[in-house]
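Coordinate analysis (summary)
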Amino acid sequence: MSKKEIRKEELLELIRSLVSIPSHYQAPGGEAKVGEALEAVAAREGLSSSRMEIEPGRFNSFITLEGSAPGPHILLCGHMDTVLTEGMEIDPYSCDERDGRIWGRGTVDMKGGLGAMLYAMILLKRQSIPLKGKVTLIGTVGEECPHKSEGAYALRSLGRFGDLAVIGEATELKIAIAHKGTLSLEVKIRGKAAHSSNPSLGDNAIYKAAALIQRIEKKLVPELESREHPLVGRATINVGMIHGGVQNNIVPESCTLGINRRYLPGETEAQVIEEIMKVWRQLPYPEEDLRISPLEETDNRIAMETDTEEGVAKNLIRAARQAGLPGEVIGVNYWTDGAHLRAAGIPTVVFGPGNIAQAHAAVEFIEVEQLLQAVDAYTAFIQEHCAL
């Protein structure tokens, strides 16, 4: 068996060991088992490990490759949890290899990326390549809903503990330097109840909600469509849910809307809420009849952007090209843990194997060739920054 074939089999076996562990939110202890699996591999390969407890039984896992001299601290990061397996059309945990792909829940989102990053560190350790500084792989908990990225959010408490970071989410090995933020809101409209035989004695909250929805559609949506980021596209808003009233012969005293807003780098959550309030003020209703509350489902899901002149982007472009990749710079529409590292002041990009279209899908898979290319690119990137 050639050296390349040995590397391929080792890499796939590592990824299989991670994919075979159920780690969705309904699998008790699943994230911890993935963290323990990472730690076991690290110990076998002479890498150090530590933990950051998020809550009892749940922790971020830190795997570190230490250099022999002072230098930069590179962070490689990915989440250890997955979405549920309901509705899958393949065995979610078999990690079969066929047609140049491996198949299963988490192969692309994102245990394939985690495995590729760890394997790059293993190869550098085995080859005893002289390095300065250190490289830390962080396996985070709670990225997938209904969690709210509590693992990555906790990293912000460490401040700027790294010099640069790469998130291994699927980008088809393109370099994503920006993504949108997402904010879900509960919008409550207050009215006044009355009997439907004399509705003028009441104040119909559903009518008021309908007026707000129409105003959002006709005024705010076009305004948002005019805002376009060169990499992540347009800001968007969606009224996704509405609930009001108790029965047909009562004027409804309340109505609640569910709204989701995808906002651009440079926009803020406070701005998102104020824009809806501004629309409400254009209607003939008291301001106090509207209450807007952010929902926990999108807590901390802020936007991210890193300048292409930052060292992490420039050096990753070079490393990707060394691995035979084009080094294309993009933005992505989905959210990543990288937003929290960027908020801590750490220049961050997203770069990983796989196509995000396969994430959360009934048939999830990742191309083996992309996994191998990812290892080459991560290895080149680390050496670009840390070689003595």
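Located above this text is the structure these notes cover.
Fair warning: this is a prediction, and the values are worked out from it, not measured in the lab.

What counts and how
- Residues numbered from 1 in each chain as written.
- Predicted model: local features only at pLDDT ≥ 70, side-chain atom pairs only at ≥ 80, totals over all residues.
- Heavy atoms only, no water.
- Helix = DSSP H or I, 4+ residues; strand = E, 2+ residues; numbered from the N terminus.
- Buried < 20%, exposed > 50% of the residue type's maximum accessible area, 1.4 Å probe, protein only.
- Polar contact = N/O pair within 3.5 Å; in protein donor to acceptor, adjacent residues only side chain to side chain.
- Contact = heavy atoms within 4.5 Å.
- Expected span 1.5 Å × (residues − 1).
- Pairing = 2+ DSSP bridges.

1. Concerning the side chain of E150
As for its placement among the helices and strands, E150 is situated in helix α4 (residues 150-155). On the basis of relative accessible area, E150 is assigned to the buried category, the value being 18%. Polar contacts involving the side chain of E150 include one to the main-chain amide nitrogen of K148, which spans 2.9 Å. Residues in contact with E150, not counting those within four places in the same chain, are I54, R58, V141 and G142.

2. Digging into helix α6 (residues 269-281)
With 13 residues, α6 extends 19 Å from end C-alpha to end C-alpha; this agrees with the ideal 18 Å at 1.5 Å per step. Within the sequence span of α6, burial applies to V272, E275, I276, M277, V279 and W280. Looking at the packing, one finds that the buried side of α6 touches β9 (181-190), α5 (205-225), β13 (236-244), β15 (254-263) and β16 (290-294).

3. A word on the pairing of strand β2 (residues 58-66)
Within β2, 8 of the 9 residues are buried, leaving the element largely enclosed by the surrounding structure. With 7 bridges joining them, strand β1 (residues 48-55) and β2 adopt antiparallel strand pairing. Residue E53 lies in a different strand from β2, and its bridge partner there is F59. Hairpin connection from β1 to β2: 2 residues lie between these consecutive antiparallel strands, with G57 at a positive phi of about 85°. Where β2 lies against strand β6 (residues 132-140), 6 bridges are found, and the strand directions are antiparallel. Bridging across to β6, E66 finds its partner in K134.

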